[in-house]
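Residue-level structure breakdown
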Amino acid sequence: MKRFLDNDFLLNTDTAQKLYNDIAKDLPIHDFHCHLDPQEILENKSFKNMTQVWLAGDHYKWRAMRLNGVSEKFITGDSSDWGKFEAWADTVPNLIGNPLYHWTHMELKTFFHVDKLLSPETAREIWEECNEKLQQPEFKPRKFVERSNVQFIGTTDDPTSMLEYHKLLKEDESFKVTIAPTFRPDGALFLEKTTFHDWLEKLEKSSGQSVQTIDDLLNAMQQRVNYFDKIGCRASDHGLSQMVFTDVAKEEAGRIFIKRYSNEKLTNEEIVNYQSFLLFELGKMYAEKKWVMQLHIGATRNNNTKMFNRLGADAGFDSIGDSSMAEGLSRFLDALDQENALPKTVLYNLNPRDNYVLATMTGNFYEAGIPAKVQFGSAWWFNDHIDGMVQQLKDLGNLGLLSHFIGMLTDSRSLLSFVRHDYFRRILCNLIGEWVEEGKAPNDRLLEKMVRNIGYENAERYFTNR
Ligand SMILES: O=C[C@H](O)[C@@H](O)[C@@H](O)[C@H](O)C(=O)O
């Protein structure tokens, strides 16, 4: 029997262990999509305690605590930080079977050298030991990043952001890691939201242009794309609950924009038409800048109205949607391709039943010289566990070219989540190891190259304009 979290954790064959130890373990990290706060990294903020570095902002953990019956006071409420930590420690022993159990202990072990299991019995000693360490220089944001061998972080940013922290980080020669913004224009696309007018005001301010028509909007967005590009942006990101695409003329999109601008209610068809138009125009801007376009498709968001009113979005009340996406996605990518304006694109699905849809979609478009120009992104969010990742890797292997996969990203809001790359690498090496031991793949040096590429090199190449 193996010991929990030993050195060969998840590595069940000699080949897997060798691939991991010789290659995967020490690869740098190119974390091209996450929700880390650049201000925290710039200011190298000191965390007073484990609750601040570990539990604040992590809606995966909040969700688990609620499932464990914890009162909101100890999750997002006004309890003391110790009270919140204790509630988390009380939850952890119930997490066996959930990736949070693995991540939690990997994070304690990797960053804090704590080998104990977190539980109500060990909560106090782990709290004290880690809090004390948090006061040392090795336990500050920049050190968490550097100790994880991270070379690139892609944050997620609103187009109206002036990116002041990114700018300062870029100028700071004492910190070698690239922290690049990612263009996430939800504010422009979701015009049905009550916040639309406020967002437009911010857009006017940041772009220095008045925005009253669709032409104004496109000009202002182009201005923001140019600005982001100057600060080092290499990608955009979109969260779309579904993917519907229709070919819409600018006049029609302009009419819909004016209707919403004057506070009239839009039909669903108008919303979809406007979004199709804008997404298409944005796609062309991305292609021109040689950015990567990321499409995260299929979340059903803010399901709990009471809690949405209390806490807002991204608080742990989202789940998997069941809408169809194949037709719309195909029409959208094809429309861009026909104009020779299809950017490199990464497709992520939240419903695992859509794996085959996306994995096959990637083969429909190509550009000589860019391996797998359209990528099937790594197992996203509710799929980000052993079974989900193995399935995504197998599906991509069966239907595309796994060797060209750009690999893992954390998608996280916590600086300690970089261990998820280690988790992924172990899973990847284990899967390849299994294939070798079963005679399904040769025991050849090419596997080392494959692991190096999927673990780091492919992403680095894909997101750099090389
Ligand atoms: O992994 C899941 C997340 O952190 C999740 O909150 C994000 O992927 C978010 O839905 C987004 O739209 O960017």
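Residues numbered from 1 in each chain as written. Predicted model: local features only at pLDDT ≥ 70, side-chain atom pairs only at ≥ 80, totals over all residues. Heavy atoms only, no water.

To be explicit about the condition: UniProt positions are given in the numbering used here, feature names are shortened, and annotations may be inferred rather than shown by experiment.
The name given to the protein in an unreviewed UniProt entry is Uronate isomerase, and the organism recorded there is Halalkalibacter alkalisediminis. Annotation of the protein in UniProt includes, under Sequence similarities (unreviewed entry), the sentence "Belongs to the metallo-dependent hydrolases superfamily. Uronate isomerase family." We quote the UniProt Pathway (unreviewed entry) comment for the protein here in full: "Carbohydrate metabolism; pentose and glucuronate interconversion."

Thoughts on the overall build of the protein
Applicable threshold: Secondary structure follows DSSP: runs of H or I at least 4 residues long count as helices, runs of E at least 2 residues long count as strands, and numbering of each begins at the N terminus. The quantity called the radius of gyration is restricted to C-alpha atoms. Its globule counterpart is 2.2 Å times the number of residues to the power 0.38. Only protein chains enter the calculation, and the probe is 1.4 Å; a residue is then buried if its accessible area is under 20% of its type maximum, exposed if over 50%, and partly exposed in between. Here, Shrake-Rupley sampling with a 1.4 Å probe gives the accessible areas, and only protein chains in the shown set may cover a residue.
Of regular secondary structure, the protein possesses 20 helices and 10 strands. Here the C-alpha radius of gyration of the protein, 23 Å, is about what a compact globule of 466 residues would show, namely 23 Å. Dimensions of the protein, computed from the C-alpha atoms along their principal axes, are close to 65 × 55 × 45 Å. Here the protein holds 466 residues, and the buried ones make up 56% of them. For the protein, the exposed surface amounts to about 20,400 Å²; the carbon and sulfur share of it is 47%.

Digging into the sheet that holds strand 5 (residues 235–240)
Heads up, the rule is: Strand pairing follows a simple DSSP-based rule, namely that at least 2 bridges must link the two strands.
Across the sheet, five strands lie side by side as 4-5-6-9-10; this open sheet has parallel pairing. Each edge of the sheet is formed by a strand with only one pairing partner; in this case those strands are strand 4 (182–183) and strand 10 (374–376).

What about the pattern of salt bridges?
This is how the line gets drawn: The rule for a salt bridge is simple: a side-chain nitrogen of Lys or Arg has to be within 4 Å of a carboxyl oxygen of Asp or Glu.
Using the criterion set out here, one finds 27 salt bridges in the structure. Between Lys116 and Glu125 there is a salt bridge, and its shortest N-O distance comes to 3.5 Å. Residue Glu125 is classed as partly exposed on the basis of its relative accessible area, which comes to 39%. One salt bridge connects Arg255 with Glu252, and the closest N-O pair in it is separated by 3.0 Å. Of this pair, Arg255 and Glu252 both sit in helix 13 (residues 250–261), three residues apart, which is roughly one turn of the helix. For Arg255, a relative accessible area of 39% gives the class partly exposed. Glu252 gets classed as partly exposed once you look at its relative accessible area, which sits at 27%. Residues participating in the shared-partner salt-bridge network are Lys116, Glu125, Glu129 and Lys133.

Quick word on the site of the ligand
Where we set the bar: Here a residue is near a molecule or strand as soon as one of its heavy atoms is found within 4 Å of it. Under the rule applied, a polar contact is a pair of N or O atoms within 3.5 Å (in protein, one hydrogen donor and one hydrogen acceptor; residues adjacent in sequence only if both atoms are side-chain atoms). When residues are sorted by character, Ala, Val, Leu, Ile, Met, Phe, Trp, Tyr, Cys and Pro go into the nonpolar class, Asp, Glu, Lys and Arg into the charged class, and all the rest, Gly among them, into the polar class.
Around the ligand, the neighbouring residues are His35, His59, Tyr60, Arg184, Arg301, Asp314, Trp380, Trp381, Asp411 and Arg413. Taking Arg301, its side chain carries an N or O atom lying 2.8 Å from an oxygen atom of the ligand. Take Arg413: an N or O atom from its side chain is 2.6 Å from an oxygen atom of the ligand. A total of 330 Å² of accessible area belongs to the ligand in isolation, and the protein chains cover 98% of it. Residues belonging to the shell around the ligand are distributed by class as follows: three nonpolar, two polar and five charged.

Focus: the sheet that holds strand 3 (residues 178–180)
Rules: Whenever a helix is involved, its axis is fitted only over the stretch in contact; in every case the axis is a line through C-alpha atoms, and angles between N-to-C directions fall within 0 to 180 degrees.
The strand order across the open sheet built from three strands is 1-2-3, with neighbouring strands paired in parallel fashion. Bordering the open sheet on either side are strand 1 (29–31) and strand 3, each of which pairs with just one other strand. Averaged over neighbouring strand pairs, the angle between their axes works out to 5° when direction is ignored. Across three bridges, the pairing between strand 1 and strand 2 (residues 150–154) is parallel. Bridge assignment links Ile29 to a residue of strand 2, and that residue is Val150.

What to know about helix 14 (residues 268–289)
Put simply, the rule is: One fewer than the residue count of a helix, multiplied by 1.5 Å, yields its expected span.
Look at helix 14: 32 Å from first C-alpha to last across 22 residues, which is about the 32 Å you get at 1.5 Å a residue. Counting buried residues along helix 14, 16 of its 22 residues qualify, which places the element largely inside the surrounding structure. Looking one or two residues past helix 14, Lys290 carries a phi angle of roughly 60°, positive in sign.

Thoughts on unusual backbone geometry
A positive phi angle, close to 55°, is found at Leu163, a residue other than glycine. Note that Leu163 resides in the loop between strand 2 and helix 9 (164–171). The class for Leu163 is buried, based on a relative accessible area of 1%. With phi around 55°, Asn340 is a residue other than glycine that occupies positive phi space. Of note, Asn340 is situated in the loop between helix 16 (326–338) and strand 9 (344–349).

Remarks on the nonpolar core
Keep this limit in mind: Buried Ala, Val, Leu, Ile, Met, Phe, Trp, Tyr and Cys residues that are joined via side-chain atoms within 4.5 Å together make up what is termed a nonpolar core. Throughout, a residue-residue contact means that at least one pair of heavy atoms, one from each residue, lies within 4.5 Å.
With 155 residues, the main nonpolar core has Met50, Trp54, Trp88, Phe112 and Leu217 as its most contacted residues. With residues near it in sequence (within four places) discarded, Trp88 still touches Trp54, Leu55, Lys61, Ala64, Met65, Leu95, Leu100, Thr104 and Leu118.

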